[in-house]
Amino acid sequence: MSGLRGGVAAVSRAWRSTGAGRTPPLLSWAVVGCLVLLGLDVAVVVLLDPRPAAAAVTSTAAAFLAATAVSCLWTARRARGAERRWRLLIGIATAGAVAPSLGTAKTLLAGGSVAGRFSPAQAGFFVLYGVALLGLLSLPSEPIDGPGENASTVRRRGHRWYAITVLDSILIVGSIALLEWGTVLATVVQVGAPDLMQFLFALVQPVTSMILAAAVLLIASFRRPRSLATSALLGAGLLISTVTGNGFLYLAAAGNRAAPPGAYLGFALSWLLTFLAALVPVPARVQPDVPAQPGPRAIWAHAVLPYMTLCAAGLLVLGKLSTGAQLDRVETYGMVCLLLVVLVRQMVTLAENSKLLAEVRERERQLHYQAFYDPLTGLANRALFIRRLQRALSRDADNGGRGDGAAPVSLLFLDLDDFKQVNDTFGHATGDELLKISAERLRAGTRALDTVARLGGDEFAVILDGGGPDDPRRIGERLATAVQAPCQVAGRPYTPRASLGLVTLDGSTARPASPDILLHQADLAMYAAKRERAGRLVVYRPDL
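Residues numbered from 1 in each chain as written. Predicted model: local features only at pLDDT ≥ 70, side-chain atom pairs only at ≥ 80, totals over all residues. Heavy atoms only, no water.

Participant: For this particular structure, what's the right way to read the overall build of the chain?
Facilitator: Across its full length, the chain carries 16 helices and nine strands. Every one of the 544 residues in the chain was classed for burial, and the buried ones make up 43%. As displayed, the chain has an accessible area near 27700 Å², and 64% of this comes from carbon and sulfur atoms. (Helix = DSSP H or I, 4+ residues; strand = E, 2+ residues; numbered from the N terminus. Buried < 20%, exposed > 50% of the residue type's maximum accessible area, 1.4 Å probe, protein only. Areas by Shrake-Rupley, 256 points an atom, 1.4 Å probe, with all protein chains shown as cover.)

Participant: Explain the packing of helix α2 (residues 25-47) against helix α3 (residues 50-75) to me, please; I cannot follow it from the model alone.
Facilitator: Helix-helix packing: each pair is described by the crossing angle between the helix axes and the interaxial distance. Close contact between α2 and α3 brings their axes to 9 Å; oriented N to C, the two are set at 165°. When the interaxial angle is binned, α2 and α3 end up roughly antiparallel. For α2 against α3, the interelement crossing comes out left-handed. Contact with α2, carried on its side by L26, C34, L37, D41, V44 and V45, involves A53, A56, V57, T60, F64 and W74 of α3 and no other residues of that element. For the contact of α2 with α3, the residue count by class is 10 nonpolar, one polar and one charged. (Axes fitted to C-alpha atoms, helices over the stretch in contact; angles between N-to-C directions. Parallel < 35°, antiparallel > 145°, perpendicular 65-115°, else oblique. Left-handed = near helix turned anticlockwise from the far one by under 90°. Contact = heavy atoms within 4.5 Å. Nonpolar A, V, L, I, M, F, W, Y, C, P; charged D, E, K, R; others polar.)

Participant: Looking at this model, I keep getting lost on the sheet that holds strand β8 (residues 498-505). Mind explaining?
Facilitator: Picture the strands of a sheet paired through backbone hydrogen bonds; they go either parallel or antiparallel. Spatially, five strands are ordered β4-β5-β3-β8-β9 in an open sheet, and the strand pairing comes out mixed. The sheet is open, and its two edges are formed by β4 (451-456) and β9 (537-539), each paired on a single side. Put simply, the sheet's adjacent strands are angled 20° from each other on average, direction ignored. In terms of strand pairing, strand β3 (residues 409-416) meets β8 through eight bridges, oriented antiparallel. (Pairing = 2+ DSSP bridges.)

Participant: Just to check I follow, could you spell out a nonpolar patch on the surface for this structure?
Facilitator: The grouping of V32, V36, L37 and L40 at the surface amounts to a nonpolar patch, some 350 Å² of accessible area in total. Among the secondary structure elements, V32 is positioned in helix α2. By relative accessible area, which is 53% here, V32 ends up exposed. (Patch = residues over 30% accessible without salt bridge, like charges linked within 9 Å, V, L, I, M, F, W, Y side chains within 5 Å. Salt bridge = Lys/Arg side-chain N within 4 Å of Asp/Glu carboxyl O.)

Participant: Looking at this model, I keep getting lost on the nonpolar core. Mind explaining?
Facilitator: When a protein is soluble and globular, its nonpolar side chains tend to lie buried together. By size, the foremost hydrophobic cluster in this structure holds 25 residues, and its most contacted members are F385, L389, L411, L455 and L518. Put simply, the parts of the chain that give this core at least two residues each are α12 (382-398), β3, β4, β5 (459-464), β8 and α16 (515-532). At seven residues, the largest contribution of residues to this core is made by α16. Ignoring sequence-local partners within four residues, the contact set of L455 consists of R382, F385, F413, A461 and L519. (Core = buried A, V, L, I, M, F, W, Y, C linked by side-chain atoms within 4.5 Å.)

Participant: Explain the pattern of salt bridges here, please?
Facilitator: This model, assessed by the stated rule, comprises 13 salt bridges. Among the ionic pairs, K530 bridges to D415, the shortest N-O distance being 2.7 Å. Highlighted residues: K530 in helix α16 and D415 in strand β3, separated in sequence by 115 residues. Between E440 and R443 there is a salt bridge; the shortest N-O distance is 2.7 Å. Of this pair, E440 and R443 both sit in helix α14 (residues 428-444), three residues apart, roughly one helical turn. Judged by its relative accessible area of 44%, E440 is partly exposed. The class for R443 is partly exposed, based on a relative accessible area of 34%. Here the residues in one salt-bridge network are D415, D417 and K530, joined through shared partners.

Participant: Before we go on, may I ask you to explain the packing of α3 against helix α9 (residues 265-279) in this structure?
Facilitator: Close contact between α3 and α9 brings their axes to 8 Å; oriented N to C, the two are set at 15°. The angle between the axes of α3 and α9 places the two elements in the roughly parallel class. For the element pair α3 and α9, the recorded crossing hand is left-handed. Together, V57, A61, F64, L65, A67, T68, S71, C72 and T75 of α3 and L265, F267, A268, W271, L272, T274, F275, A278 and L279 of α9 make up the contact between the two elements.

Participant: Would you explain the pairing of β4 in this entry?
Facilitator: Along a regular strand, successive side chains alternate from one face of the sheet to the other. Extensive coverage of β4 is indicated by the burial of five of its six residues. Where β4 lies against β5, five bridges are found, and the strand directions are antiparallel. By the bridge assignment, G456 is partnered in β5 with E459. Remark: two residues form the turn of the hairpin made by β4 and β5, two consecutive strands paired antiparallel; G457 in that turn has positive phi of roughly 60°.

Participant: What is the right way to look at helix α4 (residues 81-109) in this model?
Facilitator: Owing to its 3.6 residues per turn, the α-helix brings residues three or four apart onto one side. The end-to-end C-alpha distance of α4 is 43 Å, a good match for the 42 Å that 29 residues give at a rise of 1.5 Å each. The principal kink in α4, of about 30°, is found at V98, preceding the proline P100 by one to four residues. In the segment just after α4, G111 is the residue with positive phi, at about 95°. (Expected span 1.5 Å × (residues − 1). Bend = angle between axes of the 7 residues up to and from the residue.)

Participant: Would you explain the packing of aromatic side chains in this entry?
Facilitator: Aromatic rings considered in pairs are described by the distance between their centres and by the relative angle of their planes. Inspection of every chain in the model, using the stated rule, returns one aromatic pair. Each ring, one from Y369 and one from Y373, has its centre 5.0 Å from the other, and the planes form 10°; the classification is stacked. (Phe/Tyr/Trp six-rings, centres within 6.5 Å; stacked < 30°, edge-to-face > 60°.)

Participant: When you look at the confidence of the model for the chain in this model, what are you seeing that I'm missing?
Facilitator: The predicted structure's coordinates, where accompanied by low pLDDT, should not be read in detail. Mean pLDDT over the chain: 78, with 75% of residues reaching 70 or higher. For the chain, per-element mean pLDDT is lowest for helix α1 (residues 2-15), which scores 44, and highest for β5, which scores 93. (pLDDT = per-residue confidence, 0-100.)

Participant: Which parts of the structure should I look at to understand the pairing of β8?
Facilitator: Within β8, eight of the eight residues are buried, leaving the element largely enclosed by the surrounding structure. As paired elements, β8 and β9 share three bridges and run parallel to each other. Paired with G501 across the strands is V538, a residue of β9.

Right, dumping it as structure tokens:
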């Protein structure tokens, strides 16, 4: 038992990366071993008779399937999250395919044909392609973020992106299959008249492999794969499997029940690459300092690529109709199904765009709030305060300096006394609590049309705009009393002290040229109150 554990530990150390830019020893050994086995398969195809050669190559493919399942399930033990999920799913899919592959090798060795009668057991084999598709969609990849996207937005969008990827893969593969049927397969089937179930069985394998390859291509093109080597190996393996499956499809369409032994090399090479992909070490997740931004070409390609193949298939159908040719059932039903996929895809895209628009509007609202409001107290900040004060002064100027009897514009400036001492004695958290209490008292003592702002630190300002039952001085005195009322800060009783300055625009006061001048006058009045240290309101006078 201790020797077995030591062997597992040694293999685990060999699987880990030995340094930046270096290949792990286990992966290097696996590449060498796979190349040797592939070379032996080529020699077998050249030297042996067709039947034993095909059986030997198929047995090698089954061995690669078993090795892929073992390596996926073994490496999944040390992986987490999506890295673990895709390895488990691919491991389950390849493990389930080992028995059918060995059965195929046995049939070939006995002199039978793999293009024989279709059986329900073979139908279960294709269920594994659905498991493999889930595994490929679980490949760890980072979204190409838009500017300012947060993690929750990316997660919500990730599920919809997977649905779009599956629909795009079906659309691309279905269009290619329709093109193949319209250009070659229909004629071959009409001439060769193959068995229908045999032909459908041969058709499913390349179509499902092509869907898997398209999914890997879309993920690698429009996302940022965490491991480029894994994606490249899986994509190349599935592409080779698709090409090989298409070759068997043409043989089945032509009625050929025996394939040359060299045709089986494609499956062996396909599973060889999948096996190597499972041995690529789990890369460390590095969060980029700047999120990758999708370029215009990538956005355009993502929008156009699925429809390019559909347009090609549509042109083929339109060309036949223009010449007066009759469409067969495959072309008719195939085109209808592709259009239904396009409709579903557009509905998903519409939902995606609607949610994106809602997110953009929410982000704009947040940016507006951050630009014009103080994050601690929720009051207007200096930028919004200056803007509203300028608006009030402009309206006052339009009314001829309020000479029509309209209520004057007043500016109240407030500064908390000994606020630094509060921070130094009780801490900045207690100072922040005092600022929130003062802000709430100012907000409660003013009207909705007034503007209460925090200019910075412990400085507050209030624009008293418009008339009311009380004059500005009385409002200011009421605010002074409210702000300086005893309160509880950090669980301790505390009585704040404040100095307030007030300046009012009326017929007897020269109208300032800018908000800065009015703010300076209120500031002078506030400092006059601070010198008195009486905690009262001082109204601006020219002699200040």
